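Now for the letters of each chain:
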Amino acid sequence: MKAAVNHGLMDVRVDNVPDPRIEKPTDAICRVTKCSICGTDLHIYHGRFPLKEGDCVGHEFIGYVEEVGSEVKSFKKGDKVLSPFWISCGQCYFCKKGLTTSCLYGGCFGFGDILGGNPGCQAEYVRVPLADGTLVKVPESLADDSNDERVLFIGDNIATGYHGAVKGEIRPGDVVAVLGDGAVGLFATYCATLFNPSKVFTIGHHDDRLKIAKKYGADITINSLKEDPSEKIKAETDGRGADVIIEGVGTTDSLQSSIQLVRAGGTVSFIGLFYEPFPMNMTDFFLRNLNLRGGVAPSRGYASKLLSIVEAKKLDPTHIVYSLPLDQAAEGYKLMDQRKEGAIKVVLSP
Ligand SMILES: [Zn+2]
Ligand SMILES: [Zn+2]
């Protein structure tokens, strides 16, 4: 089969690789109808998380169950499914608590040996370990392939945005500021609106993306290359700062800005993947009673809620889609890496 494969620094190629097969009775093989490139994949692309040459990449897909192992009970050949980026058993202490990304037997797709050694899904087929605990059935009303781009991001980017809002513990009337205008920041903007804030700011670097943030419910957008977010947020909060910040970039600069923009006693919820240590001024943290929360989204637990939102057409994820055939994965990585206008989220069709 064809699959996007890591060949080192900024070098992803579509190669012919062996077809996946059932290795354990709890496995399923899925035929991928759509998969996507995530901002996190760009970390691999830039060598911040070094994979081996030949590792298949990708961790967000939708498709059909093609084959199941003898112990898979909830799925059969032909079922339309989406997959969270994280494999989970559904049975262990953490899975039962809904923290599927801490599953004792889990791991991520497409992250090489760093996160469990599971091949990625930017491919024609993918092996899904622990299929019963991992996969999510797509409801009949969304199961047609024409809906794939609406459903696909529930496995990762929409769930991550939602996690940011949940972890932010937004209360009705709060002022929320989202840092980041990539897919996660835009979906976090939408998800923040579900908690009845009085105002949502979206802060980013790209006017084209900030325009889309408005479609997802941002009341005020700020291009921080042109304007000072601190002044604008203070002007709306009697000088206090935002009640909740959702940090969706994952860089030191962005988290530091978040801590500056939040009010005393407020919450910074971070959902961008960090790849470097973060220096923290604990005195400031202490004196201002800040709450710093965040982490990797247990997306499987959010899937049914998010499916119902997409089903009801309250959220249209397709505003950010840029479609390419799987064969052009290398081009897709380049476009996303260059923040090319219109290519916020590259979706690949095998
Ligand atoms: Zn991702
Ligand atoms: Zn588990």
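Here is what the cut-offs are and how they apply
Residues numbered from 1 in each chain as written. Chains lettered and ligands numbered in written order. Predicted model: local features only at pLDDT ≥ 70, side-chain atom pairs only at ≥ 80, totals over all residues. Heavy atoms only, no water. Core = buried A, V, L, I, M, F, W, Y, C linked by side-chain atoms within 4.5 Å. Buried < 20%, exposed > 50% of the residue type's maximum accessible area, 1.4 Å probe, protein only. Helix = DSSP H or I, 4+ residues; strand = E, 2+ residues; numbered from the N terminus. Contact = heavy atoms within 4.5 Å. Donors = N, O, S within 2.8 Å, 3.2 Å for Na, K, Ca; no water. Tetrahedral: all angles 85-135°; square planar, octahedral: opposite > 155°, others 65-115°. Pairing = 2+ DSSP bridges. Right-handed = clockwise from strand over helix to strand, strands pointing away. Domains from an automatic or database assignment. Buried area = accessible area lost by both parts, 1.4 Å probe. Salt bridge = Lys/Arg side-chain N within 4 Å of Asp/Glu carboxyl O. Polar contact = N/O pair within 3.5 Å; in protein donor to acceptor, adjacent residues only side chain to side chain. Nonpolar A, V, L, I, M, F, W, Y, C, P; charged D, E, K, R; others polar.

A. Here's a closer look at the nonpolar core. Ile154, Ile246 and Ile320 are the most contacted members of the largest nonpolar core, which has 43 residues in total. Contributing elements (two or more residues each) for this core: α5 (157-167), β10 (175-179), α6 (183-193), α7 (207-215), β13 (242-247) and α11 (299-311). With eight residues, α6 is the largest single contributor of residues to this core. The residues touching Ile246, leaving out its near neighbours within four places in the chain, are Gly164, Ala165, Ile170, Val176, Ala177, Val178, Leu179, Ala188, Ala192, Ser269 and Ile271.

B. Layout of the coordination of the zinc ion (ligand 2). Looking at the zinc ion (ligand 2), one finds its protein donor set to be Cys89 (SG), Cys92 (SG), Cys95 (SG) and Cys103 (SG), positioned 2.3 to 2.4 Å from the metal centre. Taken together, the four donor atoms coordinating the zinc ion (ligand 2) span angles of 104 to 116 degrees at the metal, a pattern that classifies the geometry as tetrahedral. Each donor residue of the zinc ion (ligand 2) belongs to the same chain, with the gaps between them written as C-x2-C-x2-C-x7-C. Side by side, Cys89 and Cys92 carry an identical accessibility label, which is buried.

C. Spatial organisation of the pairing of strand β17 (residues 345-349). Counting buried residues along β17, four of its five residues qualify, which places the element largely inside the surrounding structure. Here two bridges tie strand β3 (residues 28-36) to β17, and the two strands are oriented antiparallel to one another. If you follow Cys35 over to β17, its bridge partner there is Leu348. Of the crossover connections in this fold, the one passing from strand β16 (residues 321-325) over helix α12 (residues 329-337) to the parallel β17 is right-handed.

D. A look at the domain arrangement of the chain. Assigned domains within the chain: domain 1 (2-156 + 298-349) and domain 2 (158-294). A separation of 27 Å is found between the C-alpha centroids of domain 1 and domain 2. Of the residues lining the interface, 29 residues belong to domain 1; the matching set on domain 2 comes to 21 residues. Together domain 1 and domain 2 conceal approximately 2200 Å² of surface at their shared face, both sides included; 72% is due to carbon and sulfur atoms. The largest share of the area that domain 1 buries against domain 2 comes from Tyr302, Leu315 and Ile344, three residues that together contribute 27% of it. If you look at where domain 1 meets domain 2, you find zero salt bridges. On inspection of domain 1 and its partner domain 2, the count reaches seven residue pairs in polar contact (both at pLDDT 80 or more). The greatest single-element share of the side of domain 1 that touches domain 2, amounting to five residues, is contributed by α11. Looking at side-chain class alone, the side of domain 1 that touches domain 2 contains 14 nonpolar, six polar and nine charged residues.

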